[in-house]
Amino acid sequence: MRHRVGWCIAGDTEITLESEAGELRRRTIAELYELWHLGVEDRLPHSAGGVTWHARAGKWMAQVRRGDTDHHLGLFENREAAESAVAEFRERHPDTRIRRLESVRRNHVRCHDEETLLAQRARIVDVIESGVKPLVRITTASGKTLRCTVDHALFTPEGWCKAGELTVGDAVLVADAVPDPSQAPVPPSLRRGIGVWTSMQRERLIKETDACHLCGQDFPREQLALDHVVPVASDLQQALDENNLAPACEPCHATKSAGEQALAQHGGKVAKAVPDQVVAIEAAGEEMTYDLSVEGPWHNFLANDFVVHNSYNEESGRYRELQPVFYVPGEDRKLVQQGRPGKYEFVAGTEAQQEIVERSMQESYIQAYERYQEMLAAGVAREVARAVLPVGLFSSMYATCNARSLMHFLGLRTQHELAKVPSFPQREIEMVGEKMEAEWAKLMPLTYAAFNANGRVAP
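A quick note: this is a predicted structure, and the numbers were derived from the prediction, not measured.

**Re the packing of helix H9 (residues 427-443) against helix H10 (residues 445-453)**
In the contact formed by H9 and H10, the axes pass within 5 Å of each other and the chain directions differ by 120°. The angle between H9 and H10 falls in the class oblique. Residues Glu-437, Trp-440, Ala-441, Lys-442 and Leu-443 of H9 form the contact with H10, whose own contacting residues are Pro-445, Thr-447, Tyr-448 and Phe-451. Counted by class, the contact of H9 with H10 contains 6 nonpolar, 1 polar and 2 charged residues.

In structure tokens form, the structure reads like this:
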């Protein structure tokens, strides 16, 4: 069995969806699951036909074609009567189709920038049924409630926190609208002036190779822009504060700028996540739960107005017995680190070092797994017994990504002679990246070739 790591919520939890125009609507996560996987009922009938004017008779003719048969419903003095006859026929002979509409798979959720707490939108990647699980009910001072599992991650003023770690009196972040400090649009001349000033700080504030504050990856200076962490339109007072400037790669900067243009405003207010004190936490029974996965860069969304984290799918030692598959470095794994911190390299180990690594790991793995089996045989719960298993135990997970996200991953977690930006990943994650790269090269050879031609930098 696999387990969704991150959170699981009750089926009646309402998810806030947002259109491209910023319009909000709500659906329960159980409804989203059904629409996502089972399709939307297309209520247009199979039957064709309708009402036409019969010139020879001087009356309105009603007819319906259903399947291969034409049904003539008669001639009528007025159009309303003919249309009524057609509607009555279709009501007596319902015939609807079930089909999955592509628009359902393009739904976006309302999410929040985790730095500014301002509202954004993110595309839904998947909706998952997670099985029957025990729930807790969290109630806040404003009257908002959420039923979720204890491992559900909620956003708080101090960062992410699992529901099971919250106590009464803690604060969680919920959706709200606050006064907009910059309701009036920024004049074009002032915006241009801010842009010129920001450009003048670029050489001084961006290193030759620096990290994007949004995605965390390293880029050369020419591929970075200075980004206003708190947008200019949200707080004009911070527009000329260099402490509000941070490097951002071109793709992340474009995405963030587009989102800032679509900030939801109403009545002089802007959508923002605000603290709400927890006043009660109580058990809420067991029932079917659901998960949602959304696209970045902000992996969160609103569930009953609570800002919650999205999930990923990993094998769980809580719900199944883990198998004795362990990692032992091969002879090609360099074992010895040389050099000072921040500027070191790995070199091959001696035969003696290779022998002690293999022997020590195998003996430790065998002993740990024997203790694990011993506890299971004695009736100890799997979630307790697994604590003795070492980090060398193989795990597996399902993850989804688009080509651009995979390129970012490969640029960060693999070394390559064509790379414009050097990377120094741990060998084990690089091995994972190499296998992913090999499969991707087969599936998308043209995109893969363009990635290498571009210095292994994602567009």
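The structure having been displayed, the exposition proceeds.
**Observations regarding helix H2 (residues 79-92)**
The end-to-end C-alpha distance of H2, which contains 14 residues, comes to 20 Å, matching closely the 20 Å that a straight helix rising 1.5 Å per residue would cover. Considered for burial, the residues of H2 that qualify are Ala-82, Ala-85, Val-86 and Phe-89. End-on, the buried residues of H2 take up no more than an arc of 95°, which puts them together on one face. Turned more than 90 degrees from where H2 packs its buried face, Glu-80 and Glu-91 sit exposed. The N-terminus of H2 is capped by Asn-78, whose side-chain oxygen sits 2.8 Å from the backbone nitrogen of Ala-81.

**Topic: the pattern of salt bridges**
Applying the stated rule across the entire model yields 19 salt bridges. We note a salt bridge from Arg-110 to Glu-18, for which the minimum N-O separation is 2.7 Å. On the criterion of sequence distance, the pair formed by Arg-110 in strand S10 (residues 108-112) and Glu-18 in strand S3 (residues 14-18) is long-range, its members being 92 residues apart. For Arg-110, a relative accessible area of 5% corresponds to the buried category. Two residues, Arg-333 and Glu-428, come together in a salt bridge whose shortest N-O distance is 2.9 Å. With Arg-333 in the loop between strand S24 (312-315) and strand S25 (336-340) and Glu-428 in helix H9, this pair connects stretches of sequence that are 95 residues apart. The residues Arg-333 and Glu-428 share a single accessibility class, namely buried.

Rules used throughout
- Residues numbered from 1 in each chain as written.
- Predicted model: local features only at pLDDT ≥ 70, side-chain atom pairs only at ≥ 80, totals over all residues.
- Heavy atoms only, no water.
- Axes fitted to C-alpha atoms, helices over the stretch in contact; angles between N-to-C directions.
- Helix = DSSP H or I, 4+ residues; strand = E, 2+ residues; numbered from the N terminus.
- Parallel < 35°, antiparallel > 145°, perpendicular 65-115°, else oblique.
- Contact = heavy atoms within 4.5 Å.
- Nonpolar A, V, L, I, M, F, W, Y, C, P; charged D, E, K, R; others polar.
- Expected span 1.5 Å × (residues − 1).
- Buried < 20%, exposed > 50% of the residue type's maximum accessible area, 1.4 Å probe, protein only.
- Arc of directions from axis to C-beta.
- Polar contact = N/O pair within 3.5 Å; in protein donor to acceptor, adjacent residues only side chain to side chain.
- Salt bridge = Lys/Arg side-chain N within 4 Å of Asp/Glu carboxyl O.

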